[in-house]
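Fold and geometry: a report
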Amino acid sequence: GLEAIHKHEMALLGMLQDGLSQIEGVTIHGTTNLEARVPTMSVSLENYDAADVGAFLDVDHDILTRTGLHCAPLVHVHFDTVDIHGACRFGIGPFNTEEHIQIAVDAVKEIAANRHKFQMKNH
């Protein structure tokens, strides 16, 4: 039922949050209180434009995310992500698995490890 689906998605979100929070150069936007979240997470990576993060995840790791301002430009003013064109948002669904989350964490770790090779034009 819906409660089981929600519990599953939130457990995976917790796993994603735990993994991404350990990666240097990654910023998780919004509350870290899982009880106050829905199963999505927006992140930014130091020295990367949000669209580039999404492209690397898609092309190099076969992971689909949403990038940009997510129809909420004032939120991105608050999070100071306007200059990097927003954030990269992960959405977790009922068919995602722990393996999917670990693959995503490993992919972000690989991308973040290369962040010193890139310098944002506006920074």
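This section reports on the structure supplied with the text.

How each quantity is defined
By convention here, each chain's residues receive numbers from 1 onward along its written sequence. Per-residue local features of the predicted model are confined to residues with pLDDT of at least 70, and side-chain atom pairs are confined, for both listing and counting, to 80 or more; whole-chain, interface and lining totals are unaffected and use all residues. Derived side-chain values reflect all non-hydrogen atoms in the structure, with water molecules and hydrogen atoms excluded from consideration. Helix and strand labels come from DSSP, where a helix needs a run of H or I of at least four residues and a strand needs a run of E of at least two; each type is numbered from the N terminus. Three labels apply to residues, based on accessible area from a 1.4 Å probe with only protein chains included: buried if under 20% of the type maximum, exposed if over 50%, partly exposed otherwise in between. Any two residues whose heavy atoms approach within 4.5 Å are treated as being in contact. Residue burial considers only the protein chains on display, and all accessible areas are found by Shrake-Rupley using a 1.4 Å probe. We define the nonpolar core as a collection of buried residues of types Ala, Val, Leu, Ile, Met, Phe, Trp, Tyr and Cys that are connected through side-chain atoms lying within 4.5 Å of one another. To get an axis, a line is fitted to the C-alpha atoms, and for a helix only the part in contact is used. The angle between two axes follows their N-to-C directions and goes from 0 to 180 degrees. Should an angle lie under 35 degrees it is considered roughly parallel, over 145 roughly antiparallel, and from 65 to 115 roughly perpendicular; all remaining angles are considered oblique. When the near helix sits turned anticlockwise from the far one by under a right angle, the crossing is termed left-handed; a clockwise turn instead gives a right-handed crossing.

1. Some thoughts on the overall build of the chain
Per the secondary structure count, the chain includes four helices and four strands. Each helix and strand of the chain, placed in order from N terminus to C terminus, yields the pattern α-β-β-α-β-α-β-α. Looking at the 123 residues of the chain, the share that counts as buried comes to 40%. Contacts in the chain between residues far apart in sequence, at least 24 positions, make up 64% of those at least 6 positions apart. Counting only carbon and sulfur atoms, one obtains 54% of the accessible surface of the chain, whose full area is about 7,500 Å².

2. Examining the nonpolar core
A general trend in soluble globular proteins is that nonpolar side chains are found buried together. Ranked by internal contacts, the top residues of the largest apolar core, which has 25 residues, are L16, L20, V43, L45, L57 and F90. Elements that contribute at least two residues to this core include exactly α1 (2-21), β1 (26-29), β2 (40-45), α2 (50-61), β4 (87-91) and α4 (98-113). Those residues in contact with L57 that sit more than four places away from it in its chain are D62, I63, T65, C88, F90, A107, V108 and I111.

3. Topic: the packing of α1 against α4
At a minimum axis distance of 9 Å, the contact between α1 and α4 shows a crossing angle of 20°. On the basis of the axis angle, α1 is roughly parallel to α4. By crossing handedness, the relation of α1 to α4 is classed as right-handed. For the pair α1 and α4, contact is made by L12, M15, L16, G19 and L20 and by E98, I101, Q102, A104, V105 and V108, respectively.

4. Some thoughts on the environment of A55
With respect to the helices and strands, A55 occurs in helix α2. Owing to a relative accessible area of 38%, A55 belongs among the partly exposed residues under this scheme.

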